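# Summary of structural features
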Amino acid sequence: MKALTIRQPWAGAIAHQTKRVENRTWQLPAKYWGARILIHAGAQPDRFATVYGEHLDVYSAIVAVATVTGCHYSEDGRCCGPWGEENVYHWELADVTALPEPVPAKGALGFWTPDEETVNAALRQDTGVAW
């Protein structure tokens, strides 16, 4: 299972709010379409972000599990509501489950593979079953 590191407050907005699109400058590799992934809150915040709410202050931890359901390029960003940015790829997310207890983990750029213990700790909270 792969994880994707996303800076706060965006990771928290995916896990606990209505953000169902991840804005990226690169296209989603086809092998991840339909994949269930772990959402990892990075160690550093996005200092330009202006999202408010609870659960946005967790860093260096898996905070949710989601399914990547598609990807499209958007010139104007309006297709994905208030979360879509312009001139980037929108990675579409669905079936998002926020973890009741974040799982500490050191992340990496792009998709990365967490160790088995981290994956199992996250999936037990998502499904009640280890992977």
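Just so it is clear, the structure is predicted and the values come from calculations on it, not from any experiment.

### Details of the overall build of the protein chain
- A count of helical and extended segments in the protein chain gives two helices and six strands.
- In the protein chain, the succession of α and β elements from N to C terminus is β-α-β-β-β-β-β-α.
- For 131 residues, the compact-globule estimate of 2.2 N^0.38 gives 14 Å, and the C-alpha radius of gyration of the protein chain, at 14 Å, lies within 12% of that figure.
- For the protein chain, the spread of C-alpha atoms along the three principal axes comes to 40 × 30 × 25 Å.

### Some thoughts on the side chain of Arg24
- Topologically, Arg24 is positioned in strand β2 (residues 21–24).
- Side chain to side chain, Arg24 and Glu22 meet in a polar contact 3.0 Å long.
- Beyond its immediate chain neighbours, meaning those up to four positions away, Arg24 contacts Leu4, Thr5, Ile6, Val88, Tyr89 and Trp91.

### A look at helix α2 (residues 116–127)
- For α2, built from twelve residues, the straight-helix expectation of 16 Å at 1.5 Å per residue is met to within 8% by its first-to-last C-alpha distance of 16 Å.
- Taken residue by residue, α2 has Thr118, Val119, Asn120, Ala122, Leu123 and Asp126 as its buried positions.
- Buried residues in α2 make contact with β3 (36–45), β4 (61–74) and β5 (88–104).
- Between the side-chain oxygen of the N-cap and the backbone nitrogen of Glu117 there are 3.2 Å, and the N-cap of α2 in question is Asp115.

### Considerations on the nonpolar core
- In this structure, Ile6, Leu28, Ile37, Ile39, Val63 and Phe111 are the most contacted members of the largest nonpolar core, which totals 26 residues.
- Elements with a minimum of two residues in this core: β1 (3–8), α1 (10–16), β3, β4 and β5.
- Excluding residues that lie within four positions of it along the chain, Val63 makes contacts with Ala11, Ala15, Ile39, Ala41, Val58, Thr97, Ala98, Leu99 and Pro102.
- Membership of the second largest hydrophobic core comes to twelve residues, among which are Ala3, Leu38, Ile62 and Val119.

### Observations regarding the pattern of salt bridges
- If you walk through the whole model with that rule in mind, you get four salt bridges.
- Between Glu22 and Lys19 there is a salt bridge, and its shortest N-O distance comes to 3.0 Å.
- Judged by its relative accessible area of 2%, Lys19 falls in the buried class.
- A salt bridge links Arg78 to Asp76; the shortest N-O distance between them is 3.0 Å.
- When its relative accessible area of 37% is taken as the criterion, Asp76 is described as partly exposed.
- Put simply, Lys19, Glu22 and Arg24 are held in one network by salt bridges that share partners.

### Observations concerning the layout of surface pockets
- Taken as a whole, the largest pocket spans an internal volume of roughly 500 Å³.
- Along the wall of the largest pocket there are 23 residues; nearest its centre are Thr5, Ile6, Arg7, Glu22 and Arg24.
- Only β1, β2 and β3 provide two or more residues apiece to the lining of the largest pocket.
- At four residues, the largest contribution of residues to the lining of the largest pocket is made by β3.

Cut-offs applied
Residues numbered from 1 in each chain as written. Predicted model: local features only at pLDDT ≥ 70, side-chain atom pairs only at ≥ 80, totals over all residues. Heavy atoms only, no water. Helix = DSSP H or I, 4+ residues; strand = E, 2+ residues; numbered from the N terminus. Rg over C-alpha atoms; globule rule 2.2 N^0.38 Å. Polar contact = N/O pair within 3.5 Å; in protein donor to acceptor, adjacent residues only side chain to side chain. Contact = heavy atoms within 4.5 Å. Expected span 1.5 Å × (residues − 1). Buried < 20%, exposed > 50% of the residue type's maximum accessible area, 1.4 Å probe, protein only. Core = buried A, V, L, I, M, F, W, Y, C linked by side-chain atoms within 4.5 Å. Salt bridge = Lys/Arg side-chain N within 4 Å of Asp/Glu carboxyl O. 1 Å grid on protein atoms, 1.4 Å probe; cavity = no way out; pocket = protein on both sides within 12 Å on 5 of 7 lines; lining within 4 Å. Points joined across faces, edges and corners; volume = space filled by probe spheres on them.

So, to be careful, I would describe these as geometric facts and stop short of saying anything about function.
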